[in-house]
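This is what each chain is made of:
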Amino acid sequence: MTVAEDMRTEAAGVKAVSATTAGTMAVGTAAQELRLKRGEFAIAVHLGLIRLIVRQDGGRPRVGHDELDRLRAQEGFPEALRARVRTVGTAKGAQQLGISPDRFTRLARAGCFTPITFYLNRYRAIVWLYLADELSGFAAREPRLLVGRSPAWLLGRLEGGTDCRARNWRSRRVERLLALTEDPWARAAVLAETLDPVQLAEVIDDPYERAYLARIQPEPAFGPTGPPLARETMAHLMRADEPDEMLWRRVSLIMELDNARDTRPAPSPGGEWRGFEPSGYGRAPEPDVRADAGSVPANAASDPASVSVPEPDLAPVPVPVSVPASAIGCRDGSDPDFVHVPTDVAKPALGLLARIGLRRRVSKATGRQ
């Protein structure tokens, strides 16, 4: 049930070509030519060691012959390339660092090094994998963490139940996908993947925009391969699960969306621009993110999302409403004392705080009045 093959690359990331495939080959053929396994090839793409060519007609990404020639001309090929993408688990990683597996796990949970990928074992528990090259660099930088008593800051993190593996893996992956494209809608699609459907609907009212972002999300280099549970686990791990991270992802998505809307509107049927907010999305249970766990994690299957019919707009009342900032939870001293919302419009413009969920949407309060 490995999901190493599901390392994705952004569609608009490196180089777009026409529908012709002249001078290129399929990624599977390229992996064989480079003497790499599929998982190793996917990690090399993720790290930027191999550049893919993405077709404008929406076909599968391909690899140019000139890219293969460049990689073959590198010193030490193919052993040097394979060494850069070689991964190890907890046991082999601990052996490489000369420490016990328990100490290795504690260092990983404290965020001393970041996983590069993972797979599901027979108990459907997540097993993290790390780049062997990065572990060697960590041992050279922090030799004091490998011997003796652990420092107080590390013990404090572990006693508080901190586990940075999933969050660090997610941050690393998002940063890499954002670095592969400059298109604002493609960047917004990467950030939208970090929010669950409920939060995404709170940030993006327009269902056509959400559908467009879902359609242009990064695709796997080898296509949607692997068992459904592995793909569902990947989707769950991509979602922010801590309050500060959720807030940061929402703010980043809003800023990227504003830039994307200024560039071009999202396509919609008939050229319409609608903005209503469906509700009632279901939350999928979270997978077990414990590495090398011996127990079976919770079921990662998602329930079908239910969408309720939005309430019709009420007749506008031509009376302005002033809401005290203290009544709606404003904590930023730079905000005005009052939020003035004219009720003679059907949908007032929302500020940044309202769009990320820190301020109640005044339009709903106005509708109740």
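Above this note sits the structure.
Residues numbered from 1 in each chain as written. Predicted model: local features only at pLDDT ≥ 70, side-chain atom pairs only at ≥ 80, totals over all residues. Heavy atoms only, no water.

Asks: I tried to follow the packing of aromatic side chains on my own but got confused; where do I start?
Replies: We describe a pair of aromatic rings using the distance from one ring centre to the other and the angle between the two ring planes. Following the criterion strictly, the structure yields eight aromatic pairs and no others. Ring geometry for Phe113 and Tyr130: centres 5.5 Å apart, planes at 90 degrees, overall edge-to-face. With Phe113 in the loop between α6 (101–109) and β7 (117–120) and Tyr130 in strand β8 (residues 126–131), the pair connects residues that are 17 residues apart, well separated along the chain. Of the two residues, Phe113 and Tyr130, both sit in the buried class. Between Phe118 and Trp128, the aromatic rings sit 5.5 Å apart at their centres with planes inclined by 70 degrees, giving edge-to-face as the arrangement. Here Phe118 is found in strand β7, whereas its partner Trp128 is found in strand β8, with ten residues between them in sequence. By relative accessible area, Phe118 is classed as buried at 0%. The exposure class of Trp128 is buried, given its relative accessible area of 1%. Members of the aromatic cluster, each reached through a chain of ring pairs, are Phe104, Phe113, Tyr130 and Phe138. (Phe/Tyr/Trp six-rings, centres within 6.5 Å; stacked < 30°, edge-to-face > 60°. Helix = DSSP H or I, 4+ residues; strand = E, 2+ residues; numbered from the N terminus. Buried < 20%, exposed > 50% of the residue type's maximum accessible area, 1.4 Å probe, protein only.)

Asks: What's the story with the nonpolar core in this structure? I'm lost.
Replies: Nonpolar side chains in soluble globular proteins tend to end up buried together. The biggest cluster of nonpolar side chains holds 48 residues, and the ones touching the most others in it are Leu107, Phe113 and Leu253. Per-element tally for this core: the top contributor is helix α10 (residues 184–192), with six residues. Apart from the residues lying within four places of it in its own chain, the contact partners of Leu107 are Ile99, Cys112, Phe113, Phe138, Leu145, Leu146 and Leu154. Formed by 20 residues, the second largest nonpolar core is a distinct cluster that contains Ala30, Ile43, Leu52 and Ile116. (Core = buried A, V, L, I, M, F, W, Y, C linked by side-chain atoms within 4.5 Å. Contact = heavy atoms within 4.5 Å.)

Asks: Would you explain the pattern of salt bridges in this entry?
Replies: Opposite charge on two side chains allows them to pair when their charged atoms are near. Throughout the structure, instances matching the rule amount to 19 salt bridges. Measuring nitrogen to oxygen at the nearest pair gives 3.4 Å for the salt bridge that ties Asp163 to Arg109. Linking Asp163 in the loop between α8 (152–159) and α9 (165–179) with Arg109 in helix α6, this pair joins segments that are 54 residues apart in sequence. Classification of Arg109 as partly exposed rests on a relative accessible area of 24%. For the salt bridge of Glu209 with Arg261, the shortest nitrogen-to-oxygen distance reads 2.6 Å. Separated by 52 residues along the polypeptide, Glu209 in helix α12 (residues 207–215) and Arg261 in helix α14 (residues 243–263) bring together distant segments of the chain. On the basis of relative accessible area, Arg261 is assigned to the partly exposed category, the value being 29%. Shared partners join several salt bridges into a network, and the residues in it are Arg167, Arg170, Asp241, Glu242, Asp244 and Glu245. (Salt bridge = Lys/Arg side-chain N within 4 Å of Asp/Glu carboxyl O.)

Asks: Please explain unusual backbone geometry as it appears in this structure.
Replies: A negative phi angle is the norm for most residues apart from glycine, just as the trans form is the norm for most peptide bonds. That bond from Phe77 to Pro78 is cis: its omega, 0 degrees, falls within 30 degrees of zero. In this fold, Pro78 is placed in the loop between α3 (65–72) and α4 (79–84). Phi at Arg35 takes a positive value of approximately 60 degrees, unusual for a residue other than glycine. Examined against the element boundaries, Arg35 turns out to sit in the loop between α1 (27–33) and α2 (38–46).

Asks: Can you help me understand helix α5 (residues 90–97) in this one?
Replies: Each α-helix turn comprises 3.6 residues. Residues three or four places apart therefore point the same way. Within α5, burial applies to Thr90, Gly93, Ala94 and Leu97. Down the axis, α5 shows its buried residues gathered within 100 degrees of arc, on one side only. Opposite the packed face of α5, turned more than 90 degrees from it, sit the exposed residues Ala91, Lys92 and Gln95. Of the residues flanking the end of α5, it is Gly98, one or two places downstream, whose phi is positive at about 75 degrees. (Arc of directions from axis to C-beta.)

Asks: What exactly am I supposed to notice about the pairing of β7 here?
Replies: Pairing of β7 with β8 involves four bridges; the strand directions are antiparallel. For Leu120, the partnering residue across the bridge sits in β8 and is Ile126. (Pairing = 2+ DSSP bridges.)

Asks: Help me understand the environment of Ala30, please; the structure alone is not making it clear to me.
Replies: One can find Ala30 in helix α1. Taking the C-alpha atoms as reference points, Ala30 and Val63, 33 residues apart in sequence, are found 6.6 Å from one another. In contact with Ala30, other than residues within four places in its own chain, are Met25, Phe41, Val63 and Leu68.

Asks: I would appreciate a short explanation of the packing of α9 against α10 in the present structure.
Replies: Between two packed helices, the angle of one axis relative to the other and the distance separating the axes together describe the packing. Relative orientation of the contacting elements α9 and α10 amounts to 170 degrees, with a least axis distance of 9 Å. If you check the angle between α9 and α10, you find them roughly antiparallel. Every residue of α10 that contacts α9 at Val174, Leu177 and Leu178 is listed here: Arg187, Val190 and Leu191. Of the residues that constitute the contact of α9 with α10, the class distribution is five nonpolar, no polar and one charged. (Axes fitted to C-alpha atoms, helices over the stretch in contact; angles between N-to-C directions. Parallel < 35°, antiparallel > 145°, perpendicular 65-115°, else oblique. Nonpolar A, V, L, I, M, F, W, Y, C, P; charged D, E, K, R; others polar.)

Asks: For this particular structure, what's the right way to read the pairing of β8?
Replies: Along any regular strand the residues' side chains alternate between the sheet's two faces. Taking burial as the measure, the six residues of β8 include six buried ones, the bulk of the element. Linking β7 back to β8 in an antiparallel pair, the connection comprises five residues, with Arg124 at a positive phi of about 65 degrees.

Asks: Sorry, what's going on with the packing of α9 against α14 here?
Replies: Running from N to C, α9 and α14 cross one another at 15 degrees; their axes reach a closest spacing of 12 Å. Viewed along their axes, α9 and α14 adopt a mutual orientation that is roughly parallel. Read as a crossing pair, α9 and α14 show a hand that is left-handed. Along its contact with α9, which presents Arg167, Arg170, Ser171 and Val174, the element α14 presents Asp244, Glu245 and Arg249. Across the contact of α9 with α14, the residue classes tally to one nonpolar, one polar and five charged. (Left-handed = near helix turned anticlockwise from the far one by under 90°.)

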